[in-house]
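Tertiary structure, described
Residues per chain are reported as follows:
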Amino acid sequence: MEMSRQGRLSGKVAFITGAARGQGRSHALRLAAEGADIIAIDACAEYPSTEYPMATPQDLELTVKEVQALGARIVARVADVRDEVELKSALDEGVAELGGLDVVVANAGICVLGAWDEVTPEVWRDTIDTNLTGAWHTMTTAAPHLIERGGGSMICTGSTCGVKGTPFFGPYVASKYGLVGISRTLANELAQHHIRVNVVHPTGVTTELTKGLGRIGELIESNPRVGGTFMNALPVERVEVEDISNAVLFLASDEARYVTGTELVVDAGNTNF
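Here's a quick rundown of the structure. (Residues numbered from 1 in each chain as written. Predicted model: local features only at pLDDT ≥ 70, side-chain atom pairs only at ≥ 80, totals over all residues. Heavy atoms only, no water.)

Some thoughts on the environment of Asp-126
Summarising the element assignment, Asp-126 is placed in helix α4 (residues 121-149). Asp-126 sits in the buried class, given a relative accessible area of 7%. Sequence spacing of Asp-126 and Tyr-47 is 79 residues, and the spatial spacing of their C-alpha atoms is 7.9 Å. Residues in contact with Asp-126, not counting those within four places in the same chain, are Tyr-47, Ser-49, Arg-82 and Ile-110. Among the polar contacts listed, one links the side chain of Asp-126 to the side chain of Ser-49, at a separation of 2.7 Å. (Helix = DSSP H or I, 4+ residues; strand = E, 2+ residues; numbered from the N terminus. Buried < 20%, exposed > 50% of the residue type's maximum accessible area, 1.4 Å probe, protein only. Contact = heavy atoms within 4.5 Å. Polar contact = N/O pair within 3.5 Å; in protein donor to acceptor, adjacent residues only side chain to side chain.)

Describing the packing of aromatic side chains
The final tally for this structure, using the stated rule, is three aromatic pairs. A centroid spacing of 6.4 Å and a plane angle of 0 degrees characterise the contact between Phe-168 and Phe-230, whose relative ring orientation is stacked. Taken together, the residues Phe-168 in the loop between β5 (152-157) and α5 (170-190) and Phe-230 in the loop between α7 (216-222) and α8 (241-252) connect sequence positions 62 residues apart. For Phe-168, a relative accessible area of 11% puts it in the buried group. Using a relative accessible area of 23% as the deciding quantity, one classes Phe-230 as partly exposed. Here the aromatic residues Phe-168, Phe-169, Tyr-172 and Phe-230 are joined through ring pairs into a cluster of three or more. (Phe/Tyr/Trp six-rings, centres within 6.5 Å; stacked < 30°, edge-to-face > 60°.)

The following block contains the structure:
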């Protein structure tokens, strides 16, 4: 990435959840490279229900260093999207320091793989609370700042699981379908304030999260009829974080000034079938 403070987001401030690593860090770097200053938050806490390690404070600090290396300002806080009060406090501090808010990327999320009869109440609760309620908290706490700014863009991280009924991802599917619904609703309600709300649906992305889905082969063997659900049309198993960040940048920029209430699918053809 070339260092530039005169890019497509020059003078703007972006708020990104789940920013310590993976897609969140990539989005922070992509938007910073195009001129944005960043408010980055991450829970940096383990979930007993997940089968992969969560981000750490050290991961968040690395995001800070990499954003600063691009010449951008960044305010980073440890905060959990499930806690609306904690999240609002972190966001308000960032807005006060950086002077406003223009872009919101509701990216924080978890994923737990398992057949329907393996879904525990804890798995269901953690997934819905983080992926759906957490995104709601992110958007609703940010909305007043965007209104004050005179408009802006909200982008939510969806999934191909928010487009089709992907087996073995029950709670995750529910959270991503719900995310589409609330995004469309807010797109309608906030349009009068010149706020756009959209969803990006990735196929599998190379991150720590997808490394925690190693049981998929075993589950497909137990129900081979559904195996084709996981295939991409293009000959790639997963896409890279940068591929999703490019879509986020487009929706954040003025190039998408009349794009709202839509779903941008970056899935290598996964949902073609």
